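A closer look at the structure
Each chain, letter by letter, is given below.
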Amino acid sequence: MASMLRRLLGVRPVLLDGAWGTRLQECGLPIGACPDAWNLTDPGQVEALARAYVESGSAAILTNTFGANRYALERHGLADRAADIAREGAGISLRAAVGRACVVASIGPSGRMLAMGEVSEAELAAAFYEQARALRDAGVEAAVVETMSDVEEAAIAVQAAVRAGLDVVATMVFYTGRDGDRTMMGQTPEEAATALRKAGASVIGANCGKGAEQIVPICRRLRAATDLPLWVKLNAGLPELVEGRAVYRTGPEEWAGQMLSLIAAGADFVGGCCGTTPAHIAALAKALRN
């Protein structure tokens, strides 16, 4: 584990940031537009969000690079700008965090299905390495491979990021199966823990999902399956569709209480996923102080 992540774990739990995509939509990003492109076209808005999380108490913030791989960007005609978008996203968060928080770069899924033959392992590895290398060149030390639905793709991304010189966190989304405890590809928390560690992840965990009642048992199972630190980011409840827009109803104080349950279940790094805001992070910071 890199010194940055180890240093953060000196005070457990480590408070992370909240949502990026849904928050940028609240700041004016049109639904369906590319959030990562704002690193080039509206960096001020992105930096303001990063600073808001730092000011709310986050010890580590992410970068606006979740979809900054060439396959995800291809849908927006930006495949050839992948490295530029990643570098700019890293720079924005590093500026916002300087002296007050650490930066862990975000690497999300490609949007292509390995099992369906839409992309090869070699092609995925090259795309993730391009992104990870640009992030590393911009000055970040660690990355989180997050919101992954296929352990095989996650492992490829982890290996590429390690090869680029980054320390790596890896988190899966569990939401299928009778108990909502499997990935889209049917993998269990125990299988994910084994595969992600083998791929080279220093920290593993879960994010997004169906809410606290579902993710707390998953956290317990991950804790029982590995001695690696756990990273968990929870949504602000399940979304409701209102006039074509997802609305999350769980307020900051209620959400903070749910996060305390995840800490009790073994989570070491804790933060917010879809629908959470700087106010949610501030509420958790207050709860942790108390």
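What comes next is a walk through the structure. (Residues numbered from 1 in each chain as written. Predicted model: local features only at pLDDT ≥ 70, side-chain atom pairs only at ≥ 80, totals over all residues. Heavy atoms only, no water.)

**Concerning the overall build of the protein**
For clarity, the cut-off: Numbering of helices and strands runs from the N terminus, with a helix taken as a DSSP run of H or I at least four residues long and a strand as a DSSP run of E at least two residues long. Our radius of gyration is a C-alpha quantity, and the globule rule it is checked against amounts to 2.2 Å times the number of residues to the power 0.38. The cut-offs for exposure are 20% and 50% of the maximum accessible area for each residue type, with area from a 1.4 Å probe on protein chains only; residues under the lower value are buried, those over the upper are exposed, and the others partly exposed. When checking whether two residues touch, look at their non-hydrogen atoms; a contact exists if any pair is within 4.5 Å.
Of the regular secondary structure elements, the protein holds 12 helices and 10 strands. Over its C-alpha trace the protein gives a radius of gyration of 17 Å, about what one expects of a compact globule, namely 19 Å for 290 residues. Each of the 290 residues in the protein was classed as buried or not, and the buried ones make up 56%. Sequence-distant contacts, at least 24 apart, represent 78% of the contacts inside the protein between residues at least 6 apart.

**Comments concerning the sheet that holds strand β3 (residues 102-107)**
Working definition: the strands of a sheet are paired by backbone hydrogen bonds and lie parallel or antiparallel to each other. Note the following rule: Note: two strands are recorded as paired if DSSP finds a minimum of 2 bridges between them.
In space, the 8 strands of this open sheet follow the order β1-β10-β7-β6-β5-β4-β3-β2, with parallel pairing throughout. In the strand order of this sheet, the two ends are held by β1 (14-15) and β2 (60-61), each with one partner. Summarising the sheet, β2 and β3 pair through 2 bridges and their orientation is parallel. Along β3, the bridge assignment pairs Ala 60 with Cys 102.

**Notes on the packing of helix α7 (residues 121-137) against helix α8 (residues 151-163)**
Note the following rule: Axis definition: a line fit to C-alpha positions, over the contact stretch in the case of helices; interaxial angles, taken between N-to-C directions, run 0 to 180 degrees. We call two directions roughly parallel when the angle between them is under 35 degrees, roughly antiparallel when it is over 145, roughly perpendicular when it lies between 65 and 115, and oblique otherwise. It is the rotation of the near helix from the far one that decides the hand of a crossing: anticlockwise by less than a right angle makes it left-handed, clockwise makes it right-handed.
Orientation of α7 relative to α8, taken along the N-to-C sense of each, is 45°, at an axis distance of 8 Å. Relative to α8, the element α7 lies oblique. As α7 runs across α8, the sense of the crossing is right-handed. Taking contact as the criterion, the partners of Glu 121, Leu 124, Ala 125, Phe 128, Tyr 129 and Ala 132 in α7 are, on α8, Glu 152, Glu 153, Ile 156, Ala 157, Ala 160, Ala 161 and Arg 163.

**Describing unusual backbone geometry**
Here the bond from Arg 12 into Pro 13 is cis, since omega is 0°, no more than 30 degrees from zero. Note on placement: Pro 13 falls in the loop between α1 (3-8) and β1. Despite not being glycine, Thr 147 has its phi angle at roughly 60°, a positive value. On the secondary structure map, Thr 147 appears in strand β4 (residues 142-148). Despite not being glycine, Cys 208 shows a phi value in the positive range, around 65°. Inspection of the secondary structure assignment puts Cys 208 in strand β6 (residues 203-208).

**Considerations on the side chain of Lys 233**
Rule in force here: The term polar contact refers here to a pair of N or O atoms within 3.5 Å; inside protein, the definition further demands a hydrogen-donor-capable atom paired with an acceptor-capable atom, and it admits residues adjacent in sequence only when both atoms are side-chain atoms.
Residue placement: Lys 233 occurs in strand β7 (residues 230-234). For Lys 233, a relative accessible area of 2% translates into the label buried. Of the polar contacts made by the side chain of Lys 233, one reaches the side chain of Asp 17; its length is 2.6 Å. Here the side chain of Lys 233 touches Gly 272 through a polar contact of 3.4 Å, landing on its backbone oxygen.

**A word on the packing of helix α11 (residues 252-264) against helix α12 (residues 278-289)**
A pair of packed helices can be characterised by two numbers: the angle between their axes and the separation between those axes. Stated precisely, the cut-off is as follows: Three classes are used: nonpolar for Ala, Val, Leu, Ile, Met, Phe, Trp, Tyr, Cys and Pro, charged for Asp, Glu, Lys and Arg, and polar for all others, with Gly counted as polar.
Remark: α11 packs on α12, axes separated minimally by 8 Å, with the N-to-C direction vectors making an angle of 55°. Overall, the two elements α11 and α12 adopt an arrangement that is oblique. For the crossing formed where α11 meets α12, the hand is right-handed. Counting all contacts with α11, which are made through Pro 252, Glu 253, Trp 255, Ala 256, Met 259, Leu 260 and Ile 263, the residues of α12 involved are Ala 279, His 280, Ile 281, Ala 283, Leu 284, Ala 287 and Leu 288. A breakdown of the residues in the contact of α11 with α12 according to their chemical character gives 12 nonpolar, 1 polar and 1 charged.

**What to know about the pairing of strand β10 (residues 269-272)**
Here β10 shows two buried faces, one formed by Phe 269 and Gly 271 and the other by Val 270 and Gly 272. Relative to β10, β7 runs parallel, the two being bridged by 4 bridges. The partner of Lys 233 across the bridge, within β10, is Gly 271.

**With respect to the packing of aromatic side chains**
This is how it is decided: In this analysis, rings of Phe, Tyr and Trp, with Trp reduced to its six-membered ring, are considered paired at centre separations within 6.5 Å, and the interplanar angle assigns stacked below 30 degrees, edge-to-face beyond 60, and tilted for intermediate values. For a lysine, the NZ atom is tested; for an arginine, the CZ atom; a charge sits over a ring if that atom is within 6 Å of the ring centre and within 35 degrees of the ring normal.
Counted under the stated rule, the structure contains 2 aromatic pairs. A ring pair is formed by Trp 20 and Tyr 53, whose centres lie 6.3 Å apart and whose planes are at 45°; its orientation type is tilted. Here Trp 20 is found in the loop between β1 and α2 (21-26), whereas its partner Tyr 53 is found in helix α4 (residues 43-56), with 33 residues between them in sequence. Like Trp 20, the residue Tyr 53 is buried in the burial classification. Here the basic side chain of Arg 163 rests over the ring of Tyr 129, its NZ or CZ set 4.1 Å away from the ring centre.

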